[in-house]
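# Summary of structural features
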Amino acid sequence: MEKQVLESSEERTFQYQDSLPSLPVPPLEESLSKYLDAVKPFLNQEEYQRTEDIVKKFENGIGKELHQKLLERAKTRRNWLEDWWLNVAYLDLRIATQIHCNMGGPGPFIEHCWPAKEGTQIERASINLWHILKFWDLLRAEKVAIERSRDDVLDMNQFRMLFCTCKIPGVTRDSISNYFKTESEGECPSHLIVLCRGRVFAFDTIHEGNMVTPPEIFRQLTYIQKRCHSEPDGPGLAALTSNERTKWAELREYLINLDPKNLTLLEKIQRSLFVVCLDDSSPHATPEDYTEVTRLGLTGDPTVRWGDKSYNSIFFSNGTCSAFCDHSPFDAMALITMLAYAEKKILENEGKWKGSDKVRDIPWPEELVFTVDQKIISEIGRTKELYYEKVSDLQLVNYAFTSFGKALIRKKKLHPDTFVQLALQLAYYKCHGRPGCCYETAMTRRFYHGRTETVRSCTMEAVEWCKSMLDPSSSTYERLQLMHKAFAKHNKMRKDCENGKGFDRHLLGLLLIAQEQGLPVPELYVDNAFTASGGGGNFVLSTSLTGYSRLSGSALPMVQHGYGFFYSIRDDRILVACSSWKSCPETDAEVLCRTAFQCFQDMLQLTVAAQL
């Protein structure tokens with residue numbers, strides 16, 4: 001799906017929001033038959049028989065009732081899943097979401113105009129930020145092009161969450177505050193927050209009705225940096241966002257009770273456009289190896305990240321950069337569209353500012369000085385210790401496979417995304433000797449406020465093919481036949497999911513209806529097959545395609561014994577970010593990634609051998 005942000009579009013960004021179709025509820029028997037198909041790779045004959053009986057019982061009994069109630073719910077809502085998903089997938093979580101759920105990715109500028117170079121941090125930040133501010137301006141004017149998949153208009157609601165959005169911790173459930181408004185809706189906050197050496201600053205991006213220019217942003221950031229580098233470090237309050245949610249909610253309450261001014265300052269951060277992070281590290285990065293910049297982007301110094309903010313723009317000391325985002329308000333593609341716009345503009349101008357160097361007399365940034373006491377200071381210390389202990393357990397690699405990419409895969413008439421997914425299935429099978437249950441994100445943005453559905457990549461077809469690849473007595477012809485079958489199956493699943501015909505969200509909906517009605521959890525959900533096949537957030541492989549551009553990103557594994565595997569596919573290369581936990585002896589992100597690269601070669605060889 002090639003996407004372009006057009007500036008002079010006739011259409012308004014949000015004009016079709018009201019005419020998008022509602023999210024459908026698929027027929028119960030279809031979802032259950034797809035579910036049975038998906039659990040097969042993880043069960044023996046006897047276990048499968050048992051699961052099949054449980055599913056049939058569910059379909060003719062309680063499942064039928066729950067499905068009816070779900071249909072009732074769907075009648076009164078344009079998206080029956082939306083608020084449930086937000087709560088279950090994100091806001092109800094009590095773990096440290098900054099570590100486990102946030103997403104991020106490196107800026108690709110080292111590949112063209114901005115190779116790593118000390119002393120460029122503020123200059124590059126000023127130019128980069130200005131282009132992001134221009135995107136905000138376009139969005140407010142509703143001039144960001146509407147995205148389409150083939151000819152279908154896609155929901156654009158997530159773009160509203162890129163700016164002026166923040167998650168607020170709650171004792172049992174978090175909430176999201178969003179202050180963004182388009183020009184026609186009214187006033188929108190226009191200030192940025194800058195974090196540097198444990199301190200917090202703010203400045204407005206609009207002065208006398210006009211946007212600040214890169215030279216003006218440069219002046220503001222230089223002022224902040226000079227002060228921070230010549231004065232003692234601040235308390236590093238931002239680190240508190242990396243706590244477990246209930247703990248952070250309690251500390252936030254404590255802060256507010258300590259001094260009501262603290263609430264005003266917290267609200268100033270919540271309302272801000274986004275957060276700019278001036279990070280003192282200098283991560284090594286090359287076009288073939290983004291590992292260090294990706295790792296530091298996701299798990300760097302917690303005192304210069306506001307983990308709850310929907311967008312943190314991180315600039316490192318050597319001029320490399322990274323994005324870091326709370327995942328709850330949007331999925332990666334909205335972010336990637338914005339960052340791709342900025343990258344395109346930066347490239348067009350060769351990484352330079354070609355406008356006026358005039359700097360108006362704008363107000364200096366103001367420091368947000370929180371009232372803290374000994375308890376807060378020691379809590380910040382404890383939080384940082386816990387944070388570093390947790391992130392030191394992370395193994396992450398972000399490498400480019402450079403032998404070929406989308407161009408050659410398409411030439412072989414294969415779908416590039418399916419190509420990577422099947423290579424990953426083969427790699428996991430090779431490394432672990434068994435099938436790996438896998439979550440691939442499909443987007444459901446054809447529907448009103450649609451977000452995602454799960455494509456379960458580990459199919460019987462994929463497993464049969466993997467077995468043939470490891471069986472020396474299997475012929476090239478057999479392997480190729482099985483591979484094509486696996487491709488066809490995956491392509492159909494993806495299409496189904498994008499069209500609202502997946503089954504994971506449906507099964508979740510039925511479970512939540514049961515919970516809301518105070519009914520016992522149906523047997524289907526406590527059956528071993530449910531968890532073994534990845535249900536209930538137990539996928540060993542958590543994966544997503546981050547598109548076909550230079551922008552790439554990553555999140556961490558879903559489970560302790562799992563992997564995160566995120567990839568972007570370009571014409572001539574495939575960039576993979578793979579992560580696992582060092583404390584799990586079975587998993588090794590480096591090995592899985594290298595094995596996947598080998599599998600890319602093996603699959604291509606197969607298509608070449610077939611033509612001989």
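Looking up the protein chain in an unreviewed UniProt entry gives the name Peroxisomal carnitine O-octanoyltransferase, with the organism given as Alca torda. The record held by UniProt for the protein chain lists under Subcellular location (unreviewed entry) the comment "Peroxisome". As its UniProt record puts it under Pathway (unreviewed entry), the protein chain is described as follows: "Lipid metabolism; fatty acid beta-oxidation."

On to the UniProt feature "active site" (unreviewed entry) in the protein chain, then. As recorded in UniProt, the feature "active site" (unreviewed entry) lies at His-327. Counting through the fold element by element, His-327 comes out in the loop between strand 12 (321–325) and helix 11 (332–348). Given a relative accessible area of 16%, His-327 falls into the buried group. If we skip the residues at most four places from it in the chain, His-327 touches Tyr-90, Cys-101, Asn-102, Met-103 and Arg-451.

Here we take up the pairing of strand 14 (residues 394–401). Among the eight residues that make up strand 14, eight are buried, leaving the element largely enclosed by the rest of the structure. Of the two faces of strand 14, the one carrying Leu-394, Leu-396, Asn-398 and Ala-400 and the one carrying Gln-395, Val-397, Tyr-399 and Phe-401 are both buried. Pairing analysis gives eight bridges linking strand 14 to strand 19 (residues 574–581), with the strands arranged antiparallel. Note on strand 19: the bridge partner recorded for Gln-395 is Ser-580.

A separate point is the sheet that holds strand 7 (residues 199–204). Taken in spatial order, the seven strands line up as 1-12-11-10-6-7-13 in an open sheet, and their pairing is mixed. If you trace the sheet from one side to the other, it starts and ends with strand 1 (103–106) and strand 13 (366–367), each paired once. For strand 6 (residues 191–196) and strand 7, the ladder comprises six bridges, and the chain directions are antiparallel. Of the residues in strand 7, the one forming a bridge with Leu-195 is Val-200. Across the face of the sheet, helix 6 (residues 121–140) comes into contact with strand 10 (275–279), strand 11 (312–316) and strand 12 while running at roughly 155 degrees to strand 11.

Quick look at the sheet that holds strand 15 (residues 438–443) now. With mixed pairing, the six strands of this open sheet are ordered in space as 14-19-18-17-15-16. Pairing within the sheet leaves two strands with one partner each, and these edge strands are strand 14 and strand 16 (452–456). Put simply, the sheet's adjacent strands are angled 20 degrees from each other on average, direction ignored.

Per the UniProt annotation, the sites labelled "domain: Choline/carnitine acyltransferase" (unreviewed entry) are residues 23–594. For the annotated span residues 23–594, helix accounts for 43% and strand for 15% of the residues, and the straight-line distance between the end C-alpha atoms is 39 Å.

Moving on, we get to the pairing of strand 5 (residues 175–178). Across four bridges, the pairing between strand 4 (residues 165–168) and strand 5 is antiparallel. Paired with Lys-167 across the bridge in strand 5 is Ile-176. The antiparallel pairing of strand 4 with strand 5 creates a hairpin that spans six residues between the two strands.

This part is about helix 17 (residues 504–516). End to end, helix 17 covers 18 Å across 13 residues, agreeing with the expected 18 Å (1.5 Å per residue, within 8%). Along helix 17, the positions that sit buried rather than exposed are Asp-504, Arg-505, His-506, Leu-507, Leu-508, Gly-509, Leu-510, Leu-511, Leu-512, Ile-513 and Ala-514. Following helix 17 by one or two positions, Gly-518 has its phi on the positive side, about 70 degrees.

Thresholds, definitions, all that
- Residues numbered from 1 in each chain as written.
- Predicted model: local features only at pLDDT ≥ 70, side-chain atom pairs only at ≥ 80, totals over all residues.
- Heavy atoms only, no water.
- UniProt positions renumbered as here; feature names shortened; annotations may be inferred.
- Helix = DSSP H or I, 4+ residues; strand = E, 2+ residues; numbered from the N terminus.
- Buried < 20%, exposed > 50% of the residue type's maximum accessible area, 1.4 Å probe, protein only.
- Contact = heavy atoms within 4.5 Å.
- Pairing = 2+ DSSP bridges.
- Axes fitted to C-alpha atoms, helices over the stretch in contact; angles between N-to-C directions.
- Expected span 1.5 Å × (residues − 1).

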